[in-house]
Amino acid sequence: MGIAHVPVMPEEVMEGLKISEGGAYVDATVGLGGHAGLILEKAKGCSLIGIDRDGEVLASAKERFKGMENVHLAKGRFSELKPILNSFGFSGADGILFDIGVSTMQLKAEGRGFSFLKDEPLDMRMDREGRLTAEDVVNEYSEKGLAEIIWRFGEEKSSRRIARAIASERKKKRIRTCRELALLIEKAVRGRGRIHPATRTFQALRIEVNGELDELSAGLESGAEVLKPGGRLCVLSYHSLEDRIVKNAFRELARKGMFHIITKKPLLPSREEARINPSSRSAKLRIAERI
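Because the structure is predicted, anything quoted here is derived from the model rather than measured.

The rules behind these values
- Residues numbered from 1 in each chain as written.
- Predicted model: local features only at pLDDT ≥ 70, side-chain atom pairs only at ≥ 80, totals over all residues.
- Heavy atoms only, no water.
- Buried < 20%, exposed > 50% of the residue type's maximum accessible area, 1.4 Å probe, protein only.
- Helix = DSSP H or I, 4+ residues; strand = E, 2+ residues; numbered from the N terminus.
- Pairing = 2+ DSSP bridges.
- Right-handed = clockwise from strand over helix to strand, strands pointing away.
- 1 Å grid on protein atoms, 1.4 Å probe; cavity = no way out; pocket = protein on both sides within 12 Å on 5 of 7 lines; lining within 4 Å.
- Points joined across faces, edges and corners; volume = space filled by probe spheres on them.
- Nonpolar A, V, L, I, M, F, W, Y, C, P; charged D, E, K, R; others polar.
- Disulfide = S-S within 2.5 Å.
- Phe/Tyr/Trp six-rings, centres within 6.5 Å; stacked < 30°, edge-to-face > 60°.
- Patch = residues over 30% accessible without salt bridge, like charges linked within 9 Å, V, L, I, M, F, W, Y side chains within 5 Å.
- Areas by Shrake-Rupley, 256 points an atom, 1.4 Å probe, with all protein chains shown as cover.
- Salt bridge = Lys/Arg side-chain N within 4 Å of Asp/Glu carboxyl O.
- Lys, Arg positive; Asp, Glu negative; His and termini not counted.
- Charge placed at Lys NZ, Arg CZ, Asp CG, Glu CD.
- Core = buried A, V, L, I, M, F, W, Y, C linked by side-chain atoms within 4.5 Å.

### Quick look at the pairing of strand 2 (residues 47–52)
The two faces of a sheet get side chains in turn, since along a regular strand they alternate between them.
Moving on, step 1. The buried fraction of strand 2 is high, at six of six residues.
Moving on, step 2. Here strand 1 (residues 24–27) pairs with strand 2 via four bridges, running parallel. Along strand 2, the bridge assignment pairs D27 with G50.
Moving on, step 3. With respect to chirality, the unit in which strand 1 leads through helix 2 (residues 34–42) into the neighbouring parallel strand 2 is right-handed.
Moving on, step 4. Two strands pair when backbone bridges link them, and strand 2 and strand 3 (residues 71–75) are joined in this way by five bridges, in the parallel orientation. Bridge pairing in strand 3 places L48 opposite V71.
Moving on, step 5. At this point the chain moves from strand 2, through helix 3 (residues 55–64), to the parallel strand 3, and the crossover so formed is right-handed.

Structure (structure tokens):
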């Protein structure tokens, strides 16, 4: 895709997975293979099962790992983790990594519609075969429904004002591009804070289009089921909604006596990493081990 991918918190993730020779490890968001490549370098003879719902990104991973018999790649969602493992002949895993949310390559790739900085169609589908787009949500959801989504998934205080502005504008014409929506939001909110006024709304739309939070919950449940005793579950999240789901899921698994929580508080990137790789700044890493 012509886009370099720098894996977030690489040392912490590798240590967290506790990789051993001959183990089977799942990268449930394989992307361009940043973390996956490190897993393969860490221990000889280990198997990698890489999953990604984005077919375009997965094609690049397949090219990177072409000819490697110990690498198994599949297009799929978090909720499909168990059947994907089984399809490659694995009954369980020794470690699983979830790297949540939109990737740098999806933000930078042309025509994907994830970024409010670009003048391109409102899409935001991680899987291009999905039916629902951000344009559909913006133009076809009720004003109340939009406000609820923007508040719930974006934690945006101006959710009602933004929804009202969208509803008013789409009466005149259909809202079709990222730039068009971003300017509308900027006008509705009036003024800029620390982040662009469209940031939280775009996050909310992306989560709605891709069902991200439901997939995360399903993936954690499936991951807990397929991990072998002593296996590690590592999750990188990038905003409070995701981290809350992971924290509560880990607590529940620990309460049931299934897991031991390794990270009582999430690990954060170093100042140096945040400086070199700005996309890592909001990352939080939580780790739990199957009992």
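### Examining the layout of surface pockets
Moving on, step 1. Considered as a void within the structure, the second largest pocket measures approximately 170 Å³ in volume.
Moving on, step 2. Only helix 11 (212–226) and helix 12 (240–255) provide two or more residues apiece to the lining of the second largest pocket.
Moving on, step 3. Considering every element that reaches the lining of the second largest pocket, the biggest residue donor is helix 11, with four residues.
Moving on, step 4. Along the lines of polarity and charge, the residues of the lining of the second largest pocket split into five nonpolar, one polar and three charged.

### Here we look at the state of the cysteines
Moving on, step 1. Applying the stated rule across the entire model yields zero disulfides.
Moving on, step 2. C234 takes part in no disulfide bond, and the closest cysteine sulfur, belonging to C46, lies 14 Å away.

### What about the packing of aromatic side chains?
Moving on, step 1. Taken as a whole, this structure holds two aromatic pairs when the rule is applied.
Moving on, step 2. Arranged with centres 4.9 Å apart and planes meeting at 85 degrees, the rings of F78 and F98 form a pair that is edge-to-face. Placement of F78 in the loop between strand 3 and helix 4 (81–87) and of F98 in strand 4 (residues 93–99) is noted, with a sequence separation of 20 residues between them.
Moving on, step 3. Its relative accessible area of 13% is what places F78 among the buried residues.
Moving on, step 4. A relative accessible area of 0% means that F98 is categorised as buried.
Moving on, step 5. Taking the centre distance of 5.6 Å and the plane angle of 80 degrees together, the rings of F116 and F202 count as edge-to-face. Remark: F202 occurs in helix 10 (residues 199–210) and F116 occurs in the loop between helix 5 (104–108) and helix 6 (134–140); sequence separation between them is 86 residues.
Moving on, step 6. Given a relative accessible area of 4%, F202 falls into the buried group.

### A few points about a positive patch on the surface
Moving on, step 1. On the surface, a cluster of positive charge is contributed by K157, R194, R200 and R281.
Moving on, step 2. Along the polypeptide, R200 turns up in helix 10.

### Observations concerning the environment of E186
Moving on, step 1. Along the chain, E186 turns up in helix 9 (residues 178–189).
Moving on, step 2. A residue is classified by how much of its surface remains accessible, and E186, at 23% relative accessible area, is partly exposed.

### Brief notes about the pairing of strand 4
Moving on, step 1. Of all seven residues making up strand 4, six are buried, and the element is well covered by its neighbours.
Moving on, step 2. The sheet contact formed by strand 4 and strand 5 (residues 227–237) spans six bridges and is parallel. Along strand 5, the bridge assignment pairs G95 with R232.

### Some points on the nonpolar core
Moving on, step 1. By size, the foremost hydrophobic cluster in this structure holds 33 residues, and its most contacted members are L122, I166, L181 and F202.
Moving on, step 2. Looking at this core, the elements that each hand over two or more residues are helix 6, helix 7 (143–154), helix 8 (159–172), helix 9 and helix 10.
Moving on, step 3. Core analysis: the second largest hydrophobic core is formed by 28 residues, I49, I51, I96 and L227 among them.

### Structural notes on the pattern of salt bridges
Close approach of charged atoms lets side chains of opposite charge pair.
Moving on, step 1. Applying the stated rule across the entire model yields 25 salt bridges.
Moving on, step 2. Here R128 makes a salt bridge to E56, at a shortest N to O gap of 3.1 Å. A residue pair is termed long-range when its members are at least 10 positions apart, and R128 in the loop between helix 5 and helix 6 and E56 in helix 3 qualify at 72 residues.
Moving on, step 3. Given a relative accessible area of 36%, E56 falls into the partly exposed group.
Moving on, step 4. Across the pair R286 and D243 runs a salt bridge whose closest N-O atoms are separated by 2.6 Å. Of this pair, R286 sits in strand 7 (residues 284–290) while D243 sits in helix 12, and the two are 43 residues apart along the sequence.
Moving on, step 5. Overall, the relative accessible area of 7% leaves R286 in the buried class.
Moving on, step 6. Beyond isolated ion pairs, a larger network of salt bridges with shared partners links E135, D136, E140, R174 and R176.

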